[in-house]
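Residue-level structure breakdown
Each chain, written out:
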Amino acid sequence: MLVTAGDPTRRTGGNLYDRRMLAALRRADVRVAALVLRDHRDAVRLRDLHAPLVLVDTIAAPLATPHLGALRAGGAEVVALVHMRLGALALARRADRVIAVGRTLANELAEGGIDRGRITVISPGRDPVGVRSLARPGRRIVCVANWTPTKGIHALVDAVARLPEVSLDLVGDAPDAAYAAIVRRAIAGRRLAGRVRVHGALGRAAVLRRYRAASVFALPSTREGYPIAYVEALAHGLPVVGYDIPAVREVVGGAGSLVAPGRVAALAAALQRVVTDERWWRLQARRSISRARELPTWTESEAQLVRAVTGPRANATG
């Protein structure tokens, strides 16, 4: 049983991971279902749940955590599936085991007192690395992220406002209405309507077209669990620009241009260099492709999770 919350149809990294892993378990003939918690009344149903193993996504932690003791007392093995920091420690402390989607999250859990022997790292996978023509750099930037304050969309708009002739495609849902209003005011106030295209939430095929049409990927997040959008951008051979935070470093490795969080002028300078310096753009594009090939594929990640769920209890891998 996978226990989650919110809207599982939204395009988020956590939902993508969960869908891929559920499909992999079913292909392995594991009987598995998903329980979406909407409120506390739904959460109480966990006490009557009969399943040998229950995966609990961190997005469901606030609702599910109070009932995990009853689940375990009833014989279920509880595995925390940690996609993000929020709620992770409380969830992990009440679980038998933990699957973290990145080393950064695993380290944060260990620093919070969770025994590393209970933590397994199973990162999201990537699609096949695309073959990209290393022609002259273009001036179209793409950002794929849902509009929340930690994604730094406002900072990216500010940086683009400093770069004449550069255009920006913003792809993502706007779940935070107040923050979305801030971003839209920034676009209008800087007279960027002609250079910033707001696409909203797109289906997979349309998102892929935006990656292919772009010459640079930028996402100045200040907090991430494991940024799947960066993985996608690397696999498309796009030079990447963002803020230098642990989870982004984990994915990007030595590729990309990362600047100190909050430094919009430095963000603009990094973007300026990659869209105007042809040699630098080519080097960064090659580094992105090389780094993408080092990251696990979805087939590898899915197989690892199936082993973790069906085999003996795993030791830490990260």
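Structure report, in brief. (Residues numbered from 1 in each chain as written. Predicted model: local features only at pLDDT ≥ 70, side-chain atom pairs only at ≥ 80, totals over all residues. Heavy atoms only, no water.)

Our next topic: the sheet that holds strand S9 (residues 196-200). If you walk across this open sheet you meet the 6 strands as S9-S8-S7-S10-S11-S12, and the pairing is parallel. Both outer strands of the open sheet, S9 and strand S12 (257-259), are each paired with one neighbouring strand and no more. Neighbouring strand axes in the sheet, compared pairwise and without regard to direction, differ in orientation by 20° on average. Along the sheet, helix H9 (residues 204-213) makes contact with strand S7 (140-144), strand S8 (167-171), S9 and strand S10 (216-219), crossing S7 at roughly 145°. (Pairing = 2+ DSSP bridges. Helix = DSSP H or I, 4+ residues; strand = E, 2+ residues; numbered from the N terminus. Axes fitted to C-alpha atoms, helices over the stretch in contact; angles between N-to-C directions. Contact = heavy atoms within 4.5 Å.)

Turning our attention to the environment of Thr150. Tracing the backbone shows Thr150 in the loop between S7 and helix H7 (153-161). Along the backbone, Thr150 and Ala178 are 28 residues apart, and their C-alpha atoms lie at a distance of 13 Å. Apart from the residues lying within four places of it in its own chain, the contact partners of Thr150 are Pro220, Ser221, Thr222 and Arg223.

To continue, consider the pairing of S9. Bridge analysis of S8 against S9 gives 4 bridges, and the strand direction is parallel. Residue pairing across strands places Asp169 opposite Arg197, the latter belonging to S9. Where the polypeptide runs from S8 across helix H8 (residues 177-189) and back to S9, its parallel neighbour, the crossover connection is right-handed. (Right-handed = clockwise from strand over helix to strand, strands pointing away.)

A word on the packing of aromatic side chains. Inspection of the entire model under this criterion finds 3 aromatic pairs. Geometrically, the ring pair formed by Tyr211 and Phe217 is tilted, given 6.4 Å between the ring centres and 35° between the ring planes. One aromatic cluster in this structure is built from Tyr211, Phe217 and Tyr230. Positioned above the aromatic ring of Trp280 is the side chain of Arg273, whose terminal nitrogen or guanidinium carbon lies 3.7 Å from the ring centre. (Phe/Tyr/Trp six-rings, centres within 6.5 Å; stacked < 30°, edge-to-face > 60°. Lys NZ or Arg CZ within 6 Å of the ring centre and 35° of its normal.)

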